[in-house]
Amino acid sequence: MAGRAPRWIILVVGFIGCLWIVPVIGIVATSLQTTDSIARGWWHFGENQFSLQAWYTVWQTYPLAGSLWVSAKITLTATILTMITAPAAAYTFHYLRFPMRRLWLIIIINAFVLPQQVVIIPLFQLWRDVGLLDNMAAVVIPFVGLSYAWAVFLVKSFLEDFPKELIEAAKIDGCGPIRTFTQVVLPNLISPIAACGILQFLWCWNTLLLPMLFLRSDISLTVLLARIAGTYDPNLDQQAVAAIVTAVIPLSIFLLFQKQFAAGNRVSSGGKE
């Protein structure tokens, strides 16, 4: 039976939770107040006037629904591709033997220290030459490629504790590498695959730089949020509306799959735990 947490831990966590929830309340209140009320201070609830004008303005003036669909297509495509290819790559580097295996693994893992900004100019020139500018693939390919460093490392770290007896038993039964991966290893990788999916989804959904540079006609929600900020008028109420719409979906995804993200998947040779 797990012991009860000390009281000071509860107080510290509660204090951090309050610090996190105050800005959220401020964003929601800002989206529901008039411009004069926001200038007075969003926390003056008794004196401020509430209005849904900012919500109407954002939905009518900006292509919010279209940007939502663009973000969903880009994020889901990049997330699914990462969840499919990263476990296969981790299995290949961990169990298979081929020339320069360690060198390729070191090159991939070292992408941890590679900033996004370093590849922007070469990628822009490449996409311009091959005609991929203003194409969803111009954003999806870097999303998947740049995520390989941490995704392969995460799954390979999980495979360090995977029972080698299961792999040897599969070889004795005549299973090749592909069949061993799909029927023995892959069913036990639910937790790291779910963690990769959640992290990739959150990163792709919230990224601004790549969609802003490579897309023209179709813009993502983060790019739209940056465009809502006026040149002379900050439009704080409209920015708050766009921020809420942008944050709702990734927050829902995390809450929905938080058990798979946090759970440590115990590998067993069969049967139910």
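Everything numeric in this text was worked out from a predicted model, so none of it was measured.

Attention now moves to the overall build of the protein. Check the secondary structure of the protein and you find 14 helices and zero strands. For the protein, the α and β elements follow one another from N to C terminus as α-α-α-α-α-α-α-α-α-α-α-α-α-α. For the protein, the C-alpha radius of gyration of 23 Å lies well beyond 19 Å, the compact-globule estimate for 273 residues. Projecting the C-alpha coordinates of the protein onto the three principal axes gives extents of approximately 75 × 60 × 30 Å. A total of 273 residues make up the protein; the buried ones form 36% of that total. Put simply, of all contacts in the protein between residues at least 6 apart along the chain, 72% involve residues at least 24 apart.

Backbone phi values are negative for most residues with the exception of glycine, while trans is the configuration of most peptide bonds. Positive phi outside glycine occurs at aspartate 134, with the angle close to 60°. Along the chain, the position of aspartate 134 falls in the loop between α6 (120-130) and α7 (137-159). By relative accessible area, which is 34% here, aspartate 134 ends up partly exposed.

Another aspect to go through is the side chain of serine 67. Looking at the element boundaries, serine 67 is found in helix α4 (residues 64-95). Judged by its relative accessible area of 2%, serine 67 is buried. When sequence neighbours within four positions are dropped, the list of residues in contact with serine 67 reads Ile219, Ser220, Leu221 and Leu224.

A separate point is the nonpolar core. Core analysis: the largest hydrophobic core is formed by 25 residues, its most contacted members being Leu159, Phe162, Val185 and Leu189. Put simply, the parts of the chain that give this core at least two residues each are α4, α5 (101-109), α7, α8 (164-172), α9 (177-185) and α10 (190-206).

Moving on to the environment of phenylalanine 50. Structurally, the position occupied by phenylalanine 50 is in the loop between α2 (35-40) and α3 (53-61). Along the chain, phenylalanine 50 and isoleucine 244 lie 194 residues apart, while their C-alpha atoms are 17 Å from each other.

Here the focus is the packing of aromatic side chains. Summed over all chains, the structure comprises six aromatic pairs. Consider the rings of tyrosine 91 and phenylalanine 181, whose centres lie 5.1 Å apart with planes at 40°: the pair is tilted. Linking tyrosine 91 in helix α4 with phenylalanine 181 in helix α9, this pair joins segments that are 90 residues apart in sequence. Each member of the pair, tyrosine 91 as well as phenylalanine 181, carries the same accessibility label: buried. Members of the aromatic cluster, joined through ring pairs, are Tyr91, Tyr95 and Phe181.

Our focus in this paragraph is the packing of α4 against α10. In the contact formed by α4 and α10, the axes pass within 9 Å of each other and the chain directions differ by 150°. By crossing handedness, the relation of α4 to α10 is classed as right-handed. Where α4 approaches α10, its residues Leu68, Ser71, Ala72, Thr75, Leu76, Ala78, Thr79, Thr82, Met83 and Pro87 are matched on the opposing element by Ile193, Gly197, Gln200, Phe201, Cys204 and Trp205. The residue inventory of the contact of α4 with α10, partitioned by class, reads ten nonpolar, six polar and no charged.

Right, let's get into a nonpolar patch on the surface. On the surface, Trp8, Ile9, Val12, Val13, Phe15, Ile16 and Leu19 cluster together into a nonpolar patch covering about 710 Å² of accessible area. Among the secondary structure elements, isoleucine 16 is positioned in helix α1 (residues 7-31).

What follows is about the pattern of salt bridges. Inspection of every chain in the model, using the stated rule, returns two salt bridges. Between aspartate 129 and arginine 128 there is a salt bridge, with its nearest N and O atoms 3.8 Å apart. With relative accessibility at 60%, the residue aspartate 129 sits in the exposed group. Ionic pairing is found between glutamate 160 and lysine 156, a salt bridge with its closest N-O pair at 3.2 Å. Taking the relative accessible area as the measure of exposure, glutamate 160 reaches 47% and is therefore partly exposed.

Those residues of α6 that fall on the buried side of the exposure criterion are Ile120, Leu123 and Trp127. The buried residues of α6 occupy an angular sector of 65° when projected down its axis, which confines them to one face. Exposed residues on α6 whose side chains face more than 90 degrees from its buried face are Ile121 and Asp129. For α6, the elements touching its buried residues are α7 and α11 (209-214). One or two steps after α6, the chain reaches glycine 131, where phi turns positive at roughly 80°.

Criteria and cut-off values
Residues numbered from 1 in each chain as written. Predicted model: local features only at pLDDT ≥ 70, side-chain atom pairs only at ≥ 80, totals over all residues. Heavy atoms only, no water. Helix = DSSP H or I, 4+ residues; strand = E, 2+ residues; numbered from the N terminus. Rg over C-alpha atoms; globule rule 2.2 N^0.38 Å. Buried < 20%, exposed > 50% of the residue type's maximum accessible area, 1.4 Å probe, protein only. Contact = heavy atoms within 4.5 Å. Core = buried A, V, L, I, M, F, W, Y, C linked by side-chain atoms within 4.5 Å. Phe/Tyr/Trp six-rings, centres within 6.5 Å; stacked < 30°, edge-to-face > 60°. Axes fitted to C-alpha atoms, helices over the stretch in contact; angles between N-to-C directions. Left-handed = near helix turned anticlockwise from the far one by under 90°. Nonpolar A, V, L, I, M, F, W, Y, C, P; charged D, E, K, R; others polar. Patch = residues over 30% accessible without salt bridge, like charges linked within 9 Å, V, L, I, M, F, W, Y side chains within 5 Å. Areas by Shrake-Rupley, 256 points an atom, 1.4 Å probe, with all protein chains shown as cover. Salt bridge = Lys/Arg side-chain N within 4 Å of Asp/Glu carboxyl O. Arc of directions from axis to C-beta.

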